Amino acid sequence: MTVSRILVVDDEPQIQRFLKPALTAAGYEVIEALTGAEALKAVATQAPDLVILDLGLPDMDGKDVIASLRGWSEVPIVILSARDRESEKIAALDLGADDYVEKPFGIGELTARIRNALRHRGRRDAIPEIMEVDGLTIDPIKRLVSRDGDTVHLTPKEYDLLLLLTRHTGRVVTHRTLLTTVWGPAHSDDLHYLRVFIGQLRQKIERDPTQPRILRTEPGAGYRMAERD
Amino acid sequence: MADDDRNHDRRPDPDALLALAERDRRGKLTVFLGAAPGVGKTYAMLSRAARLRADGADIVVGLVETHGRSETAGLLEGLEVLPRTRASHRGRVLEEFDLDAALKRRPSIVIVDELAHSNPDGFRHPKRHQDIEELIVAGIDVWTALNIQHLESLADLVTQITGITVRERVPDVVLKRADEVLLVDLSPSELIERLKEGKVYLPESANRAVDRFFRLGNLTALRELALRRTADRVDDQMVDYLKQNAIDGPWATGERLLVCVGSDTLSEKVVRVASRLASGLNAPWMVVSIERPDREVETPERLQRIETLFRLAEQLGAETRRVIGSDFVDEILKLARREHATQIVIGTRRRNRLNRFLSKSLPEALAKRASGFGVYIVTPEAGDAGRSKRTLPVPQLSSLWLATVIAVGFVAIAAAIGKVIDTIVDLPNISLLFLLAVLGASVSGGYLAAFLAAILSTLAYNFLFIDPLHTFTIAAPHEVFALFVFLAVAIIAGGFASRIREQAEIAGTRAAALQSLYDFSRKLAGTAKTEDAIWLTVSHLQARLKRKVVLLLPRQGDLSMAAAWPPDTELDVTDLTAARWTHDKRELAGHGTGTLPNSRFEFRPLLGPHGIVGVCGIEHREDLDLNAERALTAILDQTAIALDRARLAEETVQQAARLEGERYREALLSSISHDLRTPLATITGAVTGLRQLGERMTAENRDDLLQSIEEESGRMSRFIANLLDMSRIEAGTLKPKQEWMDVTDVVQSAVERTRKYAPGRLIETGIAPDLPLIRGDSVLLSQVLFNLLDNAVKYGGDESINVYARRDGKDVLISVTDLGKGVSTEDLDRIFEKFYRRGKPDGRAPGTGLGLSIARGFVEAMGGRIHAESPAWKKKGTRIIMRFPVAEPATMEPR
């Protein structure tokens, strides 16, 4: 297995200072970029396997960096954001970022996100194989969902929703993405649909719907299907 | 569909319902109407009250005169009676109705006897019906009593019938607006019986008048008036009921009266007659006066008379209007058509035969040209001196004198020139010279001079140029004829010329007034602040009207004086109360009005497009003439608009300040969150990295992470210290010590501290050897120097940093200089502002934006000064300079 190369884009030298040794120790090769322009150039010339991107950059908006990258590259992007920049984070995810980590974060959390993003690299919308999580089996080919051997009956919308999240297992899917994909672009703001259907889905697939372990809520951003255990 | 249409048409008239709703919010007025004193109005009122009281109604007696009659007094038992207020009037103590007590008590019904009563001076309203109106507006029901002879429109009729002049009068609108009118009726013979039994109270002084008044004929006539008025009201109510319930009717007669008045004495009679006619026809009526456009309306007295007449007409329920036009008949007819009038009421003068021969009177002309209108002509009484008041204005002696001088002068000059010419050539038309003299006199001396000059010219011409010379006799008959023609031509031409002069004068005055108004509005347009606008207004008004002017504005919920001219003008309690009344009710108050007339000022509301903006008070001297009145109205309108505009502008500024504050808070929050989060993120990341991956790292990397943790912790604690310092400065709790400081020591300690934190930087110090001590807080000064050095490290590039200290006159001067990019001139002052940062526009500069601001706060708290210079040296860098006063060494205690 080749060593994955990670581009860290952050203008704060302190952040670079601790990320580089930590990621190196975790087995990655680290490239550094201090500005958005440097980042775009580095992605073009050095072909990193993943980009860690701080949204606040001195020369350009982090969201613009994502937008230009997504024009020609499918490289997974994990963004570093702050709690008070919630709307920026969601906008970044909608623009095509794969995941986010909120500052301050532990190295363990960051490496987990990196691993997950790398695993799904290159098969963003591929039909997943049969998938199992917490006793729930989802078979996209047969369109079958079962829990501990018993078939779970889902409405078409519930199934579409579950499948969309399954395809992005481990990654956050924003409200907007879920709504526009399952219900159509006209419903991009109808958050209450989503709340109702996620509630129904949890009733059917979770062992304890009040303590969901499969469909995790990402407050303010969207939902995330838990990783295979 | 047809049914729908009909239903639609038969919906109740919305205006009628609206009027009903309006009335619901007000209190209700019940009038007990009688034909004469003694018919038992008070008795009826009180016995009704007693019944309601027994049913538990909240009814109180505000004021009732029992006149010592025991049966009436007996009725008062069991009723709550409000205390009266005392007022001294011409040396006598009077007990009067206490309006404020009634308003405070707020019963559902209050009884106030004698609607026609006049209050003594010093009361809020001069008339009781105004007190009652205030009670009704406050939502209190009022019962009151009225004798028919006190009704304004009947005043002259009553005088005619009984021969007694009624002084206390009540406007007809009061009775018209009453919600209920109860007629208390007693047959005249019974009343006379009661009078004989002594049951009718009358003041003793009026005995003879009483005998004249209480005659059977009089009482019968008055009774008829009262009955008829009540019947009219019943009719009105019926019409109202029909309208409100959408019942088709023949409702009103559809008549509309147009009443033409002038400044003559007959006009008052015209108005009264029209009022009775209108009430009999149940018709709305409008009173108009017509002015000529080319004549500055007559004299102030005549104007005043028209004004009084209009006020009377309004009280009687008429609409009033002023019209400007030269053809009276045409204007009247135009207005009549526009207003859909059906009848025109006009007064006529008694005219002598010559007058009648020369021209048609206005009523005649009107009758001739009016088609489709009824013309109702009011004639003067036989003995009425309607004509005698219309005498020509007697010219004042001085103007007569002046006119004579001018006339004689011009004629003398003409005669002299004529004589000279006559000796040189034989001029047949020498009379033209005199004509010139007449024109000259009329232009410079007016009509009177023209007339005199015409007569004098005729005489002089005859005396000097017509044979036989030097006599007033004329030889040739055709000369006689020529002389008369000359006289006629001279008088007519002179009249025209003087008229032109008059008009030029009027145009001049009007232009001046317009110019003055224009100047004022231009100045006013230049003011943006309320303060400027009001001072401009009061000074302009004072200059224009030559009397004291005050302007009051609402501030913090109360009206207070904002400007006055002359500026030392003061308002007493009455004035202020009147001003508040104007503000609250948006109507005139104070002198010359129905509210608090004994105030020295007349208060007018300033009504802008968004409601009332202030109140203007004008000292009362004599009544304002029409021009001044117009100017005043225009000025107040403009002021109101200017004040409204100023208020909007001020609100916009406040809004902007609020927005600025909001932006500032946001900057603060984002700054704090960023400056705390970055070190925190670094520490968390480094710690977790060390814990989870530590064994896989090189020793060097581990060391570096540990060091970054230490540095970031230091950074955070500095930031928190800065925030605390800043809040101490902001809260004003900073109390620097006043101890002796050696600048050298303080500089050294700050430089050492900076070196520890930025080891690579070269810091040079240059301190004058004999530097005096200064007083201050060494801890604060050290912090200031550290902040300045910190900034120099951040922005100074890689060049060295210089710290100098030396004596400069009475100051000790300390400077910190870096050789970085420097600061632009416009930012030099702003760098001391909170959260201002050099560098990146997204607010993510390395610093907190507090360092320099804290430095300034500390330095100023210690009595020093601080400023910045850039470029500092060779077009590069920034220098921050502090100055502290040298402490007097004499106060130093030797150790």
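Since this is a predicted model, take the numbers as computed values, not measurements.

Some remarks on the overall build of chain B
Stage number 1. Counting secondary structure elements, chain B contains 26 helices and 25 strands.
Stage number 2. For chain B, the share of sequence-separated contacts (at least 6 apart) that also reach a separation of at least 24 residues comes to 69%.

Looking at the overall build of chain A
Stage number 1. Tallying secondary structure elements over chain A gives 8 helices and 12 strands in all.
Stage number 2. Among the 229 residues that make up chain A, the fraction classed as buried is 55%.
Stage number 3. Long-range contacts, defined here as pairs at least 24 residues apart, represent 59% of the contacts in chain A between residues at least 6 apart.
Stage number 4. Of the roughly 10200 Å² that chain A leaves accessible, carbon and sulfur atoms contribute 51%.

Thoughts on empty space enclosed by the protein
Residue and element names in this part refer to chain B.
Stage number 1. Within this structure, the stated rule accounts for 5 cavities of 30 Å³ or more.
Stage number 2. The space that makes up the second largest cavity amounts to roughly 70 Å³.
Stage number 3. If you go around the second largest cavity, you meet 10 residues; those closest to its centre are L788, N791, A792, D818 and I880.
Stage number 4. Among the secondary structure elements, those contributing two or more residues to the lining of the second largest cavity are α25 (778-795), β23 (811-818) and β25 (878-885).
Stage number 5. Taken together, the residues of the lining of the second largest cavity sort by class into 5 nonpolar, 3 polar and 2 charged.

Points about the interface of chain A and chain B
Stage number 1. Contact with chain A, which involves 23 residues of that partner, is made by 27 residues of chain B.
Stage number 2. When chain A packs against chain B, the two sides together hide about 2100 Å² of surface, and 56% of this comes from carbon and sulfur.
Stage number 3. Joining chain A to chain B, the criterion identifies 2 salt bridges.
Stage number 4. As a salt-bridge pair, D704(B) and R17(A) come within 3.3 Å of each other at their nearest N and O atoms.
Stage number 5. Where the side of chain A that touches chain B is concerned, the elements lending two or more residues are α1 (13-25) and α5 (107-119) of chain A.
Stage number 6. Residues that form the side of chain A that touches chain B fall into these classes: 12 nonpolar, 5 polar and 6 charged.

A closer look at the pairing of strand β18 (residues 611-619) of chain B
All names here are of chain B.
Stage number 1. Extensive coverage of β18 is indicated by the burial of 9 of its 9 residues.
Stage number 2. Of the pairings in the sheet, the one linking strand β14 (residues 549-555) to β18 comprises 4 bridges and is antiparallel in character. Paired with L551 across the strands is C616, a residue of β18.
Stage number 3. Where strand β17 (residues 601-608) meets β18, 8 bridges bridge the pair, whose relative direction is antiparallel. Bridging from a neighbouring strand, P605 pairs with V615 of β18.
Stage number 4. Between β17 and the antiparallel strand that follows it, β18, lie 2 residues.

As for the pairing of strand β15 (residues 558-565) of chain B
Residues and elements named next belong to chain B.
Stage number 1. Pairing geometry for β14 and β15, over 7 bridges, is antiparallel. Considered in β15, the bridge of R555 is made with D558.
Stage number 2. Remark: 2 residues form the turn of the hairpin made by β14 and β15, two consecutive strands paired antiparallel; Q556 in that turn has positive phi of roughly 50°.

With respect to the packing of aromatic side chains
All names here are of chain B.
Stage number 1. Considering all chains together, one arrives at 10 aromatic pairs over all chains under this definition.
Stage number 2. Seen in terms of ring centroids, F32 and W143 are 5.9 Å apart; in terms of plane orientation they differ by 55°. Their pairing is tilted. Linking F32 in strand β1 (residues 29-34) with W143 in strand β7 (residues 141-147), this pair joins segments that are 111 residues apart in sequence.
Stage number 3. On the basis of an interplanar angle of 40° and a centroid distance of 6.0 Å, the ring pair of F601 and F603 is categorised as tilted.
Stage number 4. Exposure remark for F601: the relative accessible area of 0% places this residue in the buried category.
Stage number 5. Classification of F603 as buried rests on a relative accessible area of 0%.
Stage number 6. Site record: aromatic cluster; members linked through ring pairs are F434, Y461, F465 and F486.

With respect to the sheet that holds β1(B)
Residues and elements named next belong to chain B.
Stage number 1. If you walk across this open sheet you meet the 6 strands as β3-β2-β6-β7-β1-β8, and the pairing is parallel. Two strands in the sheet have a free side with no partner beyond their single neighbour: β3 (80-81) and β8 (180-184).
Stage number 2. When strand β2 (residues 59-63) meets β3, the two strands line up parallel, connected through 2 bridges. Across the sheet, residue V60 finds its bridge partner in β3, namely E80.
Stage number 3. Sitting on the sheet, helix α3 (residues 41-54) touches β1, β2, β6 (109-112), β7 and β8, and the angle it makes with β7 is about 160°.

Comments concerning the nonpolar core
All names here are of chain B.
Stage number 1. I111, L135 and L146 are the most contacted members of the largest nonpolar core, which totals 59 residues.
Stage number 2. In contact with L135, other than residues within four places in its own chain, are F97, L99, A102, L103, V110, V112, I140 and V142.
Stage number 3. By size, the runner-up hydrophobic cluster in this structure holds 44 residues, among which are A792, I801, L828 and F832.

As for the pattern of salt bridges
Stage number 1. Summed over all chains, the structure comprises 54 salt bridges over all chains.
Stage number 2. Two residues, E29(A) and R5(A), come together in a salt bridge whose shortest N-O distance is 3.7 Å. Of this pair, E29(A) sits in strand β2 (residues 29-33) while R5(A) sits in strand β1 (residues 5-9), and the two are 24 residues apart along the sequence.
Stage number 3. Residue classification places E29(A) among the partly exposed positions, given a relative accessible area of 39%.
Stage number 4. Judged by its relative accessible area of 26%, R5(A) is partly exposed.
Stage number 5. Each member of the salt-bridge network shares a partner with another, and the members are R806(B), D808(B), D811(B), R865(B) and R883(B).

Rules of the game
Numbers given to residues run from 1 along each chain, matching the order in which its sequence is written. Written order determines the labels here, with chains lettered from A and ligands numbered from 1. Local features in this predicted model are restricted to residues whose pLDDT is 70 or higher, and side-chain atom pairs enter the listing and the counts only when it is 80 or higher, whereas totals over whole chains, interfaces and linings include all residues. Side-chain calculation: all heavy atoms of the structure are included, whereas hydrogens and water are not. Each helix corresponds to a stretch of at least 4 residues labelled H or I by DSSP, and each strand to a stretch of at least 2 residues labelled E; elements are numbered beginning at the N terminus. We call two residues in contact whenever any of their non-hydrogen atoms come within 4.5 Å of each other. Here the term buried applies to any residue with accessible area under 20% of the maximum for its type, exposed to any over 50%, and partly exposed to those in between, with areas from a 1.4 Å probe on protein chains only. Here the Shrake-Rupley method, with its probe set to 1.4 Å, supplies the accessible areas, and only the displayed protein chains count as covering residues. Buried and open spaces are told apart on a 1 Å grid over the protein atoms alone, a cavity being a set of points where a 1.4 Å probe fits but cannot get out and a pocket being an open set with protein on both sides within 12 Å along at least five of seven lines. Residues with an atom within 4 Å of a point are the lining residues. Grid points are joined across faces, edges and corners, and a volume is the space filled by probe spheres set on the points. Residue polarity is assigned by list, with Asp, Glu, Lys and Arg as charged and Ala, Val, Leu, Ile, Met, Phe, Trp, Tyr, Cys and Pro as nonpolar; anything else, Gly included, falls into the polar class. The term buried area means the drop in 1.4 Å probe accessible area that two parts suffer when joined, counted for both and summed. Whenever a carboxyl oxygen of Asp or Glu lies within 4 Å of a side-chain nitrogen of Lys or Arg, that contact is scored as a salt bridge. The pairing criterion for strands is at least two bridges between them, as found by DSSP. Note on aromatic pairs: the rings of Phe, Tyr and Trp (six-membered ring only in Trp) are paired at centre separations within 6.5 Å, and the planes decide the class, stacked below 30 degrees, edge-to-face beyond 60, tilted for the rest. Axes here refer to lines fitted to C-alpha atoms; in helices the fit is confined to the stretch in contact. Angles between the N-to-C directions go from 0 to 180 degrees. Nonpolar core, defined: a set of buried Ala, Val, Leu, Ile, Met, Phe, Trp, Tyr and Cys residues in which side-chain atoms within 4.5 Å join the residues together.

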